[in-house]
Amino acid sequence: MTSKPHMVSFALAALTLSTAFSLHPDQQKVLLVSFDGFRWDYLYKFPTPHFHYVMRNGVHVKQVTNIFITKTYPNHYTLVTGLFAENHGIVANDMFDPILNKSFALDHMNIYDSDFWEGATPIWITNQRAGHASGTAMWPGGDVKIHKSFPTYYLAYNESVSFEDRVAKIIEWFTSKDPINLGLLYWEDPDDMGHHLGPDSPLMGPVISDIDKKLGYLIQMLKKAKLWTVVNLIITSDHGMTQCSEERVIELDKYLNRDHYTLIDQSPVAAILPREGKFNEVYEALADAHPNLTVYKQEEVPERWHYKRNDRIQPVIAVADEGWNILQNKSDDFLLGNHGYDNALAEMHPIFLAHGPAFRKNFTKEAMNSTDLYPLLCHLLNVTAMPHNGSFRNVQDLLNSATPKAIPYTQSTTLLLGSDIPGVYEQEESYPYFIGVSLGSIIVIVFFVIFIKHLIPSQVPALQDMQAEIAQPLLQA
Ligand SMILES: *[C@@H]1O[C@H](CO)[C@@H](O)[C@H](O)[C@H]1NC(C)=O
Ligand SMILES: *[C@@H]1O[C@H](CO)[C@@H](O)[C@H](O)[C@H]1NC(C)=O
Ligand SMILES: *[C@@H]1O[C@H](CO)[C@@H](O)[C@H](O)[C@H]1NC(C)=O
Ligand SMILES: *[C@@H]1O[C@H](CO)[C@@H](O)[C@H](O)[C@H]1NC(C)=O
Ligand SMILES: *[C@@H]1O[C@H](CO)[C@@H](O)[C@H](O)[C@H]1NC(C)=O
Ligand SMILES: *[C@@H]1O[C@H](CO)[C@@H](O)[C@H](O)[C@H]1NC(C)=O
Ligand SMILES: *[C@@H]1O[C@H](CO)[C@@H](O)[C@H](O)[C@H]1NC(C)=O
Ligand SMILES: *[C@@H]1O[C@H](CO)[C@@H](O)[C@H](O)[C@H]1NC(C)=O
Ligand SMILES: [Zn+2]
């Protein structure tokens, strides 16, 4: 019988083809998005259909333990370095480095001093050193020269630039002649409004709804640019937010003489630099001052915060209880919502969702550490991680496979499960699925044709030629 070798070669060709088509692109693409101050449970408190769409078609981690202090700059730098604050050196939004004799203050935007950033190397630089291109749209630190490099593409920080314009840049970079494989996108809300209104305000509903629409817009633009099925989209945040009250204010002026110290960072973690010779006086005046204020000498800060081994951590650290604010006196700015508190508090925790070819579908994980994002990013980008405090193993289960560069065909079962959703959701999941099904159908039909031809008793002399002809276009597809 001549049919056997034919069948075998056909089966081999089919296998090769289906494998080739089901492989994800060699180079994974990643878009990391941060919506500042998006507390983990806003997803349940307010209608957020676009976030839930991503969760159903991707992964969701319920409790992300971020790093102390739960402030914007320290946590954004952790997301891109995998290091605790004491290790990456961005220990607060407002800092003083006694060795450099320099200050870093968000309000004055004097954050462009490279010296403050060079305790670590952010992922965009490591990605570039590996020969790839990165782009940052307002990501904290993304427009600072670090270790002599800027991102390949970046937007200089300007809070007035609309979300739509930021998205347009990201899409432009992903589709440019020298395309990025790593994009970082930052948006200031819901943090701004959370501080202003307080997270318990019913007015937070429209704020979260607006963020949800922004995510919807991003998804729409990614689809339009044919990036939705090829980009691994990771949506997270730096911290949560807790409700404050004018009833819960700790006034330093009641306990300390202003001439005895400099207040480097204010609330809810006061970083206090006593004047020369005033350390004991300041520490003792504050130590038992208020039941809702815990005061530490730098070297006594609890180990679990990883917040002592850095010159930028001041000699006295005073931490307020959740919902309490530290002011010098009541005429200082007061916020109805705040963050920065103990990172063990659930209200300080951010969201974490992801969607894309590397991620599982409709998968929920209970908990992760925010330091684990960095090794995950390095894995996806195929770059060697710098020393860090995370663990890839702890988040590996978010991925389709341990080696997403060559996901075997059997993984398409997850695609089938993922596409089992009505309406609009079906379309977006079906791109790789379509190719699989189409190829499968063609192969089955071809098999049938050959099989039937073989059933015809008279030998078909042209079969071998015909088979070659059928096989060729498939191989070129
Ligand atoms: C990963 O990077 C190494 C070099 O560091 C390279 O040899 C390999 O081909 C890359 N793999 C993929 C799938 O890009
Ligand atoms: C630190 O810088 C300030 C100016 O910002 C200067 O007045 C002071 O002398 C400097 N201190 C030292 C020790 O160099
Ligand atoms: C910031 O962006 C706004 C809106 O695009 C623009 O009008 C303004 O000129 C920008 N500011 C700077 C300093 O570039
Ligand atoms: C503030 O201190 C009081 C007295 O110790 C305590 O009962 C209360 O629980 C504290 N508040 C918070 C939010 O921890
Ligand atoms: C609070 O401090 C400011 C200086 O920062 C001072 O002008 C003001 O009088 C103080 N207010 C009270 C109530 O002590
Ligand atoms: C997602 O998973 C949950 C259980 O984990 C299941 O109840 C639900 O039907 C799944 N949804 C989809 C769209 O697959
Ligand atoms: C977070 O990190 C700590 C310390 O390494 C570890 O004990 C804990 O299991 C991690 N948590 C998760 C959810 O992986
Ligand atoms: C965090 O990582 C840095 C860099 O590898 C290391 O020096 C430091 O000891 C780590 N911290 C902890 C608590 O493991
Ligand atoms: Zn923030």
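In this report, we go over the structure that sits alongside the text.

Reading the values: the criteria
- Residues numbered from 1 in each chain as written.
- Chains lettered and ligands numbered in written order.
- Predicted model: local features only at pLDDT ≥ 70, side-chain atom pairs only at ≥ 80, totals over all residues.
- Heavy atoms only, no water.
- Donors = N, O, S within 2.8 Å, 3.2 Å for Na, K, Ca; no water.
- Helix = DSSP H or I, 4+ residues; strand = E, 2+ residues; numbered from the N terminus.
- Buried < 20%, exposed > 50% of the residue type's maximum accessible area, 1.4 Å probe, protein only.
- 1 Å grid on protein atoms, 1.4 Å probe; cavity = no way out; pocket = protein on both sides within 12 Å on 5 of 7 lines; lining within 4 Å.
- Points joined across faces, edges and corners; volume = space filled by probe spheres on them.
- Domains from an automatic or database assignment.
- Contact = heavy atoms within 4.5 Å.
- Near = heavy atom within 4 Å.
- Polar contact = N/O pair within 3.5 Å; in protein donor to acceptor, adjacent residues only side chain to side chain.

Turning our eyes to something else, we now look at the coordination of the zinc ion (ligand 9). Note on the zinc ion (ligand 9): its protein donors are Asp-36 (OD), Asp-36 (OD), Thr-72 (OG1), Asp-238 (OD) and His-239 (NE2). The metal-donor distances range over 1.9 to 2.7 Å. Mapped onto the sequence, the residues coordinating the zinc ion (ligand 9) show the spacing D-x35-T-x165-D-H. Taken together, the residues Asp-36 in the loop between β1 (29-35) and α2 (42-45) and Thr-72 in helix α4 (residues 72-81) connect sequence positions 36 residues apart. You can call Thr-72 buried: its relative accessible area is 7%.

With that settled, consider empty space enclosed by the protein. Under the definition given, this model contains 2 cavities of 30 Å³ or more. When its volume is computed, the largest cavity comes out at roughly 70 Å³. Looking at the largest cavity, it is lined by 15 residues, and the ones nearest its centre are Ala-92, Asp-265, Ala-271, Tyr-307 and Arg-312. Counting only elements with at least two residues in the lining of the largest cavity, the list comes to β3 (94-97), β11 (261-265) and β12 (269-274). If you tally residues by element for the lining of the largest cavity, the top one is β3, at 3 residues. Counting only domains with at least three residues in the lining of the largest cavity, you end up with domain 2 (26-240 + 344-398) and domain 3 (249-334).

If you trace the backbone, Ile-171 turns up in helix α7 (residues 163-174). Between the C-alpha atoms of Ile-171 and Leu-218, which are 47 residues apart in sequence, the distance is 9.4 Å. Not counting the four nearest positions on each side in its chain, Ile-171 is found in contact with Met-221, Leu-222, Ala-225 and Leu-227.

Next up on the list: the side chain of His-290. Summarising the element assignment, His-290 is placed in the loop between α10 (279-287) and β13 (293-297). Dropping the residues within four chain positions of it, His-290 is found in contact with Val-249, Ile-250, Tyr-255 and Trp-324.

With that settled, the discussion passes to the site of ligand 3. In the region of ligand 3, the neighbouring residues are Asn-158, Ser-160 and Val-161. Between Asn-158 and ligand 3, the recorded distance is 2.3 Å, taken from a side-chain N or O atom to an oxygen atom.

Let us now look at the layout of surface pockets. Approximately 1100 Å³ is the volume found for the largest pocket. Of all the secondary-structure elements, those providing two or more residues to the lining of the largest pocket are α4, α8 (191-197), β11 and β15 (325-327). Among the domains, domain 2 (26-240 + 344-398) and domain 3 (249-334) are the pair contributing at least three residues each to the lining of the largest pocket.

Coordinates in, geometry out; function isn't part of it.
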